[in-house]
Amino acid sequence: MNQEVAKFSRLGFVLSATGAAVGLGNIWKFPYITGVYGGGAFVMVYLVTILLIGASLLIAEMVIGKRGQKDCVSSFEELAPPRRKGWKYAGFLFVTGLVIMTFYSVVIGWIFYYIYLSFAGLPTTIEDAKEVFDNLYGHAPFLQISFHLISVLFVAVVLLGGIKKGIEKTNLILIPFLLFILLGLLAYATGFDGFGKALAFMFAPDFSKLNSEAIIRAVGHSFFTLSIGIGSIMTYAAALPKHSNLYKAGLMVAFMDTLIALIAGLVIFSFLFEFGGTPDKGPGLVFVSLPVIFAKLGTAGSVIALVFFLAMAVAGLTSAISLVEPTVMYLEDRLGWLRKKAVFWSSLLYFVIGVLVILSISDGFKAPLTFGEKSLFDLLEFSVDSFLMPLGGILIALFVGYVMKREIVEGELLGHMGKWVFRIWYFSIRYIAPVAVLFLAYTALNVE
Ligand code: PHE
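Residues numbered from 1 in each chain as written. Predicted model: local features only at pLDDT ≥ 70, side-chain atom pairs only at ≥ 80, totals over all residues. Heavy atoms only, no water.

A. Geometry of the nonpolar core. Counting residues in each nonpolar core, the largest one holds 170 residues, and the members touching the most others are Phe13, Phe287, Phe308 and Trp425. With 17 residues, helix α14 (residues 298-335) is the largest single contributor of residues to this core. (Core = buried A, V, L, I, M, F, W, Y, C linked by side-chain atoms within 4.5 Å. Buried < 20%, exposed > 50% of the residue type's maximum accessible area, 1.4 Å probe, protein only. Helix = DSSP H or I, 4+ residues; strand = E, 2+ residues; numbered from the N terminus.)

Structure (structure tokens):
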């Protein structure tokens, strides 16, 4: 048993939890789905969900971790009343983190490749850019595996350092760096005419563009982007000092995450509108449309491309760390493994499955790794979005809302929130969040 858990500093926790939340979801996925679903109205739904459900669930997840002080399984077990210890199995929601990593790390690998391209030369026409991306995506498994391996190794090295010397230190350096780059890019983009168009696109809602699929996507994305339901935030919160204010920390993380998504969106759309791209290009938006625009700007463009992809890599890696840590902590706490051994085996596991994920989209290897219409890549991503994360979210809401003693929950929050905010929050956890999650999962399964 590893009883001597190192604690985060307050800033260390907020930056690390922000690092967990801010990821590819913010810089890659948010802009492209906003583009696909038509802008303003979609952004509104996303913002409302974060406010009404997302932030509440984030705080609830923090309460379990902070009170339990242990790995997810032990925390659920500890906080469940005597006859309901079966709830400890809910703690296995951390497995989702490794499932996510099997494709998340692959996408981080693509970003490494684009960092390399900003030196080696970016594609200059849309046709070239498509070809570059298609070649990587479908035809270069070994290149992808190599980059995937670099990402796995980076995460493993940080995890070996533990909470203080690994996770906290990395985030204390990388998150300010990420903010600095994004604010710099934003300042640059405000000089464009395209900036005004980007503002209008993102903030002037046109509700005729909103359909049920867009709503599901917005709600689902608000979970993904806040890292809810897989134990990342819970595990970080387990290393919080005693008197931390979870209310403030939760709001801060939700705020930072939203802010960074909005900045990333504004930057990307400003470039697009300024240089004549269209916003609805889907997942290829940052890998196909943007590089061509950057290439048009000559040397300055290469520098911008470099810092942009660096920022994206940083966002991805700091999330990746939080996706694996819950598993490592479980193996240490419950099975008594040394951290080294825990990091080695969990990294190896998702590395190997990640290789299969890469092969599942590569010509020549696809067939045995395709199930029905879906490649292993799509299948895993789909199961995370529409099943595993909603499941984790609902378990957390039910546990904090109905299973944990109200006094314990109050003890963590009441003093900081005050009576009324607490009541609203508790209502949201007991009623709004579970219903919304069920609705989301049900509809998502019927739409795809
Ligand atoms: N929130 C991260 C992102 O936006 C992804 C993530 C999900 C990280 C769940 C940790 C836990 O990319």
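B. Quick peek at the side chain of Ser270. Note on placement: Ser270 falls in helix α12 (residues 246-274). According to the relative accessible area criterion, Ser270 is buried, its value standing at 0%. Side-chain polar atoms of Ser270 contact the backbone oxygen of Leu266, separated by 2.6 Å. Those residues within four positions of Ser270 in sequence are excluded, and the remaining contacts are Ala189, Phe192, Gly194, Phe195 and Ala198. (Polar contact = N/O pair within 3.5 Å; in protein donor to acceptor, adjacent residues only side chain to side chain. Contact = heavy atoms within 4.5 Å.)

C. Spatial organisation of the packing of aromatic side chains. Overall, the coordinates contain 40 aromatic pairs when judged by the stated rule. Measuring from ring centre to ring centre gives 5.8 Å for Phe8 and Phe13, while their planes differ by 65°; the resulting arrangement is edge-to-face. Residue Phe13 is classed as buried on the basis of its relative accessible area of 1%. Ring geometry for Trp110 against Phe133: centres 5.6 Å apart, planes inclined by 90°, an arrangement best described as edge-to-face. Here Trp110, found in helix α5 (residues 95-120), pairs with Phe133, found in helix α6 (residues 126-139); they are 23 residues apart in sequence, far enough to count as distant. Each member of the pair Trp110 and Phe133 is classed as buried. (Phe/Tyr/Trp six-rings, centres within 6.5 Å; stacked < 30°, edge-to-face > 60°.)

D. A look at the site of the ligand. Near the ligand you find 16 residues, and of these Ala21, Gly25, Tyr104, Phe224 and Ser227 are the closest. Within the side chain of Asn26, one N or O atom sits 3.3 Å away from an oxygen atom of the ligand. Contact between the ligand and Tyr104: an oxygen atom at 2.6 Å from a side-chain N or O atom of the residue. Here the ligand occupies the largest cavity. (Near = heavy atom within 4 Å. 1 Å grid on protein atoms, 1.4 Å probe; cavity = no way out; pocket = protein on both sides within 12 Å on 5 of 7 lines; lining within 4 Å. Sits in = over half its atoms within 2 Å of the grid points.)

E. Layout of the side chain of Lys66. The topology assignment puts Lys66 in helix α3 (residues 40-68). With a relative accessible area of 6%, Lys66 lands in the buried category. Each residue touching Lys66, except ones within four places of it in the same chain, is listed here: Ala237, Ala238, Leu240, Pro241, Lys242, Ser244, Leu246 and Glu412.

F. Region of the structure containing the layout of surface pockets. The computed volume of the second largest pocket comes to approximately 260 Å³. Lining the second largest pocket are 14 residues; nearest its centre among them are Arg10, Val14, Lys248, Ala249 and Met252. Looking at the lining of the second largest pocket, the elements with two or more residues in it are α1 (10-21) and α12. The biggest single contributor to the lining of the second largest pocket is α1, with six residues. Classifying every residue of the lining of the second largest pocket gives eight nonpolar, four polar and two charged. (Points joined across faces, edges and corners; volume = space filled by probe spheres on them. Nonpolar A, V, L, I, M, F, W, Y, C, P; charged D, E, K, R; others polar.)

G. Broad picture of empty space enclosed by the protein. Within the structure shown, the criterion is met by two cavities of 30 Å³ or more. The volume enclosed by the largest cavity comes to roughly 120 Å³. Lining of the largest cavity is provided by 16 residues; of these, Ala20, Tyr104, Phe224, Ser227 and Leu323 occupy positions nearest its centre. Listed by contribution, the elements that provide at least two residues to the lining of the largest cavity are α1, α2 (24-36), α5, α10 (212-226) and α14. When residues of the lining of the largest cavity are assigned to their parent elements, the largest contribution, three residues, is made by α14. For the lining of the largest cavity, a count of residues per class yields eight nonpolar, eight polar and no charged. By volume, the second largest cavity amounts to about 80 Å³.

H. Structural context of helix α9 (residues 194-203). For α9, the set of buried residues is Gly194, Phe195, Ala198, Phe201 and Met202. For α9, the angular spread of buried residues about the axis comes to 120°, placing them on one side. In the core, the buried residues of α9 are packed alongside α2, α3, α8 (162-189) and α12. (Arc of directions from axis to C-beta.)

I. Structural view of the pattern of salt bridges. What the rule picks out here adds up to eleven salt bridges. A salt bridge links Lys88 to Glu77; the nearest nitrogen and oxygen atoms lie 4.0 Å apart. Residue Lys88 is found in the loop between α4 (72-79) and α5, and its partner Glu77 is found in helix α4; the two are separated by eleven residues along the sequence. Judged by its relative accessible area of 24%, Glu77 is partly exposed. Here the salt bridges share partners, and the residues they tie into one network are Lys66, Arg67 and Glu412. (Salt bridge = Lys/Arg side-chain N within 4 Å of Asp/Glu carboxyl O.)

J. Fine view of the environment of Leu395. Relative to the helices and strands, Leu395 is located in helix α16 (residues 376-403). Excluding anything up to four places from it in sequence, Leu395 contacts Trp87 and Ala90.

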